[in-house]
Each structure stands twice: as C-alpha cells, then as structure tokens.
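Structure at a glance
Each chain, written out:
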Amino acid sequence: MTVDQQVTTADGAETVAPRRRSRRDEILQIAVGLFAARGYHGVSMDDIGAAAGVTGPALYHHFAGKEAMLAAALIPVSEELLDGGRARVAANSTDADAALASLIEFHVEFALANPAVIALHLHELDRLPEEPRRRIRRLQRLYVEEWVGVLTGLRRELDAAEARVLAHAAFGLMNSTPFLGGEVDRDRRAALLRAATLAALHG
C-alpha cells in the first residue's frame, strides 16, 4: 500500500502528495485486492505471485508470507488514520464543530479511497498473529479516542463511554463503502456520507 504524505503549500494549505509506488507496494496492493475479493483463506501465495507477474522466490523476497502481507497492509493504514485524526483535531483545537467536520471529511475520504483495506479490517484482522493484531487494536483505540474527545467537547451531555458508542456507529456508516455500488458518483457519495455522519453525531 502507498501511504500518501501530507505537504504544506506556500499559502499554508495542506494537500496530499502521493509517494511513488515501489514494486513491494504494487505486490501488496494486488494481495489486498485478492484478499478482499476472495477472502484471506481463498488466496494462496501462488495466486498473488501469478497476479503480480512474479515467481515464488521473488515474492518471498518482499514478504515472508500471507500474514506478513496482511500486517503490512493494516498496520500502516491504522497509523495513518491515527496521525491524520490527531492532525485534524489539533488544527481545530478551539472549535469542536470544525474538528468534528474535519474528522468526518478525513475518514470519508480515506474510506472511499481504500475500500479493499476497509474490507480487510472488517473481515480478516483476526487472521493476524497476536502481536500485530494487538498493535492494530491499540492504534484503533487511540484513533477512537480522538473522536471521543471531540464529541464530549461538543455534546456536554455525553460521557466518554456514550461518545465511544457514537464514534463506532459513525465508523460503521462511513466504512460501508466496500458494499456500495457505482450508481452514485464518488463526489456525491462523499457528500452523502459526510452529511449522514454529521447528522448522526450531532444528535
């Protein structure tokens, strides 16, 4: 997977600069697509190698096996979500409404750009060994807490546990993207998801 990098332009605005993909990134993207489409157990290393146009030894030069591929897909994405969420909250530290809108925009864009990774998170995380699974779960919890802090600041009637319920419900809504068809164009889907999530969290 290629993790985009945040850069700041001359006028101070942030934009995303995609990194140049390595051969390893390309193989990982192919593996993620196969895992999402056919399930982790429905894909072999030979399947991945054939789809990527590489031989077995070349494939193992990049990854020790399927578990390593799954971890390589999910850990950086979890880190990216946490870093991005923290940056959005920090940039709007004095305005809870703006912070929530920024978090929603960030997560919707991530979800629409990464449907295969969303599917892996939902269905294949438990395939990982304990250590990487625990690391991902910790990153996810920290990301949730960014949302909890914003929600409890915005809605004083909520305690942290209640805000956590709402945050997870919002993720379920925004992460529905792997199951959406192409009947609605991307920009309109993004607008609908943002509006629905904002309405759900504002109460």
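Residues numbered from 1 in each chain as written. Predicted model: local features only at pLDDT ≥ 70, side-chain atom pairs only at ≥ 80, totals over all residues. Heavy atoms only, no water.

Here's the deal with the confidence of the model for the protein
Of the residues in the protein, 89% reach a pLDDT of 70 or more, and the chain-wide mean stands at 87. Mean pLDDT values for the elements of the protein range from 47 in strand E1 (residues 5-8) up to 97 in helix H8 (residues 160-174). In the model, residues 1-13 has pLDDT below 50 throughout and makes 32 contacts with residues more than four positions away in sequence or in other chains. (pLDDT = per-residue confidence, 0-100. Helix = DSSP H or I, 4+ residues; strand = E, 2+ residues; numbered from the N terminus. Contact = heavy atoms within 4.5 Å.)

Quick notes on the nonpolar core
Counting residues in hydrophobic clusters, the biggest one holds 56 residues, and the most contacted among them are Phe-35, Ile-48, Met-69, Leu-74 and Trp-147. Taken together, the elements giving at least two residues each to this core come down to helix H1 (23-38), helix H2 (45-52), helix H4 (66-91), helix H5 (96-113), helix H6 (115-123), helix H7 (130-154), H8 and helix H9 (186-202). Among the elements that take part in this core, H4 stands out by supplying 11 residues, more than any other. In contact with Phe-35, not counting residues within four places along its chain, are Tyr-40, Val-43, Ile-48, Lys-66, Met-69, Leu-70, Leu-120 and Glu-124. (Core = buried A, V, L, I, M, F, W, Y, C linked by side-chain atoms within 4.5 Å. Buried < 20%, exposed > 50% of the residue type's maximum accessible area, 1.4 Å probe, protein only.)

Comments concerning the layout of surface pockets
The calculated volume of the second largest pocket comes to roughly 420 Å³. Taken together, 17 residues line the second largest pocket, and the ones lying closest to its centre are His-121, Gln-140, His-168, Phe-171 and Asn-175. Mapped by element, the contributors of at least two residues to the lining of the second largest pocket are H4, H5, H6, H7 and H8. Ranked by residues supplied to the lining of the second largest pocket, first place goes to H7 with 5 residues. The residue makeup of the lining of the second largest pocket, split by class, is 8 nonpolar, 7 polar and 2 charged. (1 Å grid on protein atoms, 1.4 Å probe; cavity = no way out; pocket = protein on both sides within 12 Å on 5 of 7 lines; lining within 4 Å. Points joined across faces, edges and corners; volume = space filled by probe spheres on them. Nonpolar A, V, L, I, M, F, W, Y, C, P; charged D, E, K, R; others polar.)

What about the pattern of salt bridges?
Within this structure, the stated rule accounts for 11 salt bridges. Put simply, Arg-134 and Glu-130 hold a salt bridge, and the shortest N to O gap is 2.1 Å. Of the two residues, Arg-134 and Glu-130 are both situated in helix H7; the distance of 4 residues between them amounts to about one turn of the helix. (Salt bridge = Lys/Arg side-chain N within 4 Å of Asp/Glu carboxyl O.)

Quick notes on the packing of H8 against H9
It is the contact of H8 with H9, at a shortest axis distance of 10 Å, that shows an interaxial angle of 165°. Relative to H9, the element H8 lies roughly antiparallel. The chirality of how H8 crosses H9 is right-handed. In this structure, H8 contributes Leu-166, Ala-170, Leu-173 and Met-174 to the contact, and H9 contributes Leu-193, Ala-196, Thr-197 and Leu-201. Within the contact of H8 with H9, the residues separate by chemical class into 7 nonpolar, 1 polar and no charged. (Axes fitted to C-alpha atoms, helices over the stretch in contact; angles between N-to-C directions. Parallel < 35°, antiparallel > 145°, perpendicular 65-115°, else oblique. Left-handed = near helix turned anticlockwise from the far one by under 90°.)

Things to note about the side chain of Arg-155
As for its position among the elements, Arg-155 is in the loop between H7 and H8. In this structure the side chain of Arg-155 is engaged in a polar contact, spanning 2.8 Å, whose partner is the side chain of Glu-157. Non-local contacts of Arg-155, meaning those with residues more than four positions away in its chain, are made with Leu-166, Ala-200, Leu-201, His-202 and Gly-203. (Polar contact = N/O pair within 3.5 Å; in protein donor to acceptor, adjacent residues only side chain to side chain.)

Structural notes on the packing of aromatic side chains
Using the criterion set out here, one finds 4 aromatic pairs in the structure. With a centroid separation of 5.6 Å and an interplanar angle of 10°, the aromatic rings of Tyr-143 and Phe-171 are classed as stacked. Placement of Tyr-143 in helix H7 and of Phe-171 in helix H8 is noted, with a sequence separation of 28 residues between them. Per residue, the accessibility class of Tyr-143 equals that of Phe-171, and both read buried. Plain terms: the ring middles of Trp-147 and Phe-171 are 5.3 Å apart, the flat faces sit at 85° to each other, and that makes the pair edge-to-face. Within this pair, whereas Trp-147 is found in helix H7, its partner Phe-171 is found in helix H8, the two being separated by 24 residues in sequence. The exposure classification of Trp-147 matches that of Phe-171, with both residues buried. Through pairs of rings, three or more aromatic residues link up here, namely Tyr-143, Trp-147 and Phe-171. Over the ring of Tyr-40 we find Lys-66, and its NZ or CZ is 4.3 Å from the ring centre. (Phe/Tyr/Trp six-rings, centres within 6.5 Å; stacked < 30°, edge-to-face > 60°. Lys NZ or Arg CZ within 6 Å of the ring centre and 35° of its normal.)

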